[in-house]
Amino acid sequence: MQRVTVSTPGKLILLGEHAVVYGYPCIVAAVDKYLSVSVTELDAEEDKIVTPGVADQSFVKEAIHIFKEKFSLKKNISLTTKSELNNFGLGSSAAVVVATIKALTNLFQIDLPNKELFDLAYKSVLRIQGKASGFDIAASIYGGTIYFDGKTKKTELLSKKELPLIVAFTGRKGNTRAMIKKVYELRKKKPELIDKIFCRITQLVKSGKEAIKEKNWGELGQVMDENQVLLTKLQVTTPAIDKLIIATRKAGAYGAKLSGAGGGDCIIAVVSAMRQRQVKKALRKNGGKILDLTVGVGGRI
Ligand code: MEV
């Protein structure tokens, strides 16, 4: 029986989280850690789904459901996953949805352009999560470091090279759904203030875009520092995140911020080759777990 395997990279958001949910742009980079999905046809009454390394199976189930609905498929499948993303907030939900749909199109020899793959994957995530921008789906499909427009969902490739970033896990898994809800409630209470913050974040995303293109890492670090101040105003940072960020700056990083929804997960720091050792040491000393990954190089599927 034919078995098809597809691997998609995880991601880290560099600038613009939360604002991107409301149609503003962000910058996201794929990482060199992957999630694989293998599928075969199955002669059984229902699908067999085994997903080690994927915390929430509902994303996979929804992706299969949407795929079958779209292509009026009556057959059942066996699906298994293998993940290098663990529970570090590297976008495993988006990666597993993209890999599932891509694996199914390969298995059933359906030609699905990337734009339509994005639309199907985004629909799956929205049905489970309610609110999401789709930036992580774009990162899993296109790889590299990309500028993502939250309104049009268009992407622009900024770089395919490794970025000088250190990534550290805070030790606590963030809850994306809860953090999105928190910002939503805050915006309901203070719409003008929050929209002003989103506009300022957008200016930073645009400066960050130029900094990445010009490889101006000092500027990128400064932009990240400013984005972190605004994320603090959105109330999504935590004492553990702040502690790690302060430690990186003291050890000579160009700048640092949380990456993702907040409430836990990872921090990212822009660090010159000369300062890598000191920054890593400071992060470990302050309870951070350094993730062994390269940012900005995850390939296209
Ligand atoms: C989560 O990693 C980033 C958010 O902006 C959500 C999203 O864009 O879907 C908070």
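Residues numbered from 1 in each chain as written. Predicted model: local features only at pLDDT ≥ 70, side-chain atom pairs only at ≥ 80, totals over all residues. Heavy atoms only, no water.

Trainee: Mind showing me how you'd approach the overall build of the chain here?
Mentor: Broken down by element type, the chain carries nine helices and 10 strands. A compact globule built from 301 residues would reach a C-alpha radius of gyration of about 19 Å, and the chain, at 19 Å, matches this within 12%. Across the 301 residues of the chain, 57% fall into the buried class. For the chain, restricting intrachain contacts to residue pairs at least 6 apart in sequence, the fraction spanning at least 24 positions comes to 75%. When the 48 positive and 29 negative side-chain charges of the chain are each reduced to one mean point, those points stand 6 Å apart. (Helix = DSSP H or I, 4+ residues; strand = E, 2+ residues; numbered from the N terminus. Rg over C-alpha atoms; globule rule 2.2 N^0.38 Å. Buried < 20%, exposed > 50% of the residue type's maximum accessible area, 1.4 Å probe, protein only. Contact = heavy atoms within 4.5 Å. Lys, Arg positive; Asp, Glu negative; His and termini not counted. Charge placed at Lys NZ, Arg CZ, Asp CG, Glu CD.)

Trainee: How should I be thinking about the site of the ligand in this particular structure?
Mentor: Looking at the ligand, the residues that line it are Lys11, Glu17, His18, Val20, Val21, Ala132, Ser133, Phe135, Ile180, Gly260 and Ala261. One nitrogen or oxygen atom from the main chain of His18 is found 2.9 Å from an oxygen atom belonging to the ligand. Take Ser133: an N or O atom from its side chain is 2.6 Å from an oxygen atom of the ligand. In isolation the ligand offers 300 Å² of accessible surface; the protein chains occlude 95% of this area. Grouping the constituent residues of the shell around the ligand by class yields six nonpolar, three polar and two charged. (Near = heavy atom within 4 Å. Polar contact = N/O pair within 3.5 Å; in protein donor to acceptor, adjacent residues only side chain to side chain. Areas by Shrake-Rupley, 256 points an atom, 1.4 Å probe, with all protein chains shown as cover. Nonpolar A, V, L, I, M, F, W, Y, C, P; charged D, E, K, R; others polar.)

Trainee: I tried to follow the sheet that holds strand β8 (residues 255–259) on my own but got confused; where do I start?
Mentor: Either a parallel or an antiparallel arrangement is found when strands of a sheet pair, and the pairing is made through backbone hydrogen bonds. If you trace the four strands from one edge of the open sheet to the other, you get β8-β9-β7-β10, paired in antiparallel fashion. In this open sheet, the two strands that pair with only one neighbour each are β8 and β10 (289–290). Bridge analysis of strand β7 (residues 165–169) against strand β9 (residues 266–270) gives five bridges, and the strand direction is antiparallel. Considered in β9, the bridge of Leu165 is made with Val270. Its contacts with the sheet put helix α7 (residues 217–233) on β7, β8 and β9, and the angle it makes with β8 is roughly 50°. (Pairing = 2+ DSSP bridges. Axes fitted to C-alpha atoms, helices over the stretch in contact; angles between N-to-C directions.)

Trainee: Sorry if this is basic, but what is going on with the packing of aromatic side chains here?
Mentor: Two descriptors summarise a pair of aromatic rings, namely the distance from one centre to the other and the angle between the planes of the rings. Scanning the model with the defined rule gives seven aromatic pairs in all. Seen in terms of ring centroids, Tyr24 and Phe198 are 5.6 Å apart; in terms of plane orientation they differ by 55°. Their pairing is tilted. Separated by 174 residues along the polypeptide, Tyr24 in the loop between β1 (3–15) and β2 (25–42) and Phe198 in helix α6 (residues 191–214) bring together distant segments of the chain. A ring pair is formed by Phe67 and Phe71, whose centres lie 5.0 Å apart and whose planes are at 50°; its orientation type is tilted. Accessibility expressed as a relative area gives 0% for Phe67, which makes it buried. Grouping aromatic residues by their ring pairs yields a cluster made of Tyr22, Tyr24 and Phe198. (Phe/Tyr/Trp six-rings, centres within 6.5 Å; stacked < 30°, edge-to-face > 60°.)

Trainee: Explain the nonpolar core here, please?
Mentor: Inside soluble globular proteins, nonpolar side chains tend to come together where they are buried. Counting 109 residues, the largest nonpolar core has Leu14, Val39, Ile101, Ile137, Phe198 and Val295 as its most contacted members. Of all the elements, helix α2 (residues 92–107) adds the most residues to this core, at 10 residues. (Core = buried A, V, L, I, M, F, W, Y, C linked by side-chain atoms within 4.5 Å.)

Trainee: Teacher, can you tell me more about the side chain of Glu62 here?
Mentor: Summarising the element assignment, Glu62 is placed in helix α1 (residues 58–70). Contact partners of Glu62, with chain neighbours within four places excluded, come to Ser124, Arg127 and Ile128.

Trainee: Please clarify how unusual backbone geometry should be interpreted in this entry.
Mentor: The phi torsion of most residues other than glycine is negative, and most of the peptide bonds are trans. The phi dihedral of Gln235 falls on the positive side, at around 65°, and the residue is not glycine. In this structure, Gln235 sits in the loop between α7 and α8 (239–250). Relative accessible area serves as the criterion here: at 42%, Gln235 is assigned to the partly exposed category. Notably, Asp265 is not glycine yet its phi reads approximately 60°, a positive angle. Summarising the element assignment, Asp265 is placed in the loop between β8 and β9. For Asp265, a relative accessible area of 4% gives the class buried.

Trainee: What's the story with α8 in this structure? I'm lost.
Mentor: The α-helix advances 3.6 residues per turn, and as a result positions three or four apart in sequence lie on the same side. With 12 residues, α8 should reach 16 Å at 1.5 Å per residue; the first-to-last C-alpha distance of 16 Å fits that figure. Within the span of α8, buried status applies to Ile241, Leu244, Ile245, Ala247 and Thr248. Looking straight down α8, one finds its buried side chains confined to an arc of 160°; they lie on one side. Every exposed residue of α8 that faces more than 90 degrees away from the buried side is listed here: Pro239 and Lys250. Contacts from the buried residues of α8 go to β7, α7, β8, β9 and α9 (276–285). A positive phi of about 100° marks Gly252, the residue just after α8. (Expected span 1.5 Å × (residues − 1). Arc of directions from axis to C-beta.)

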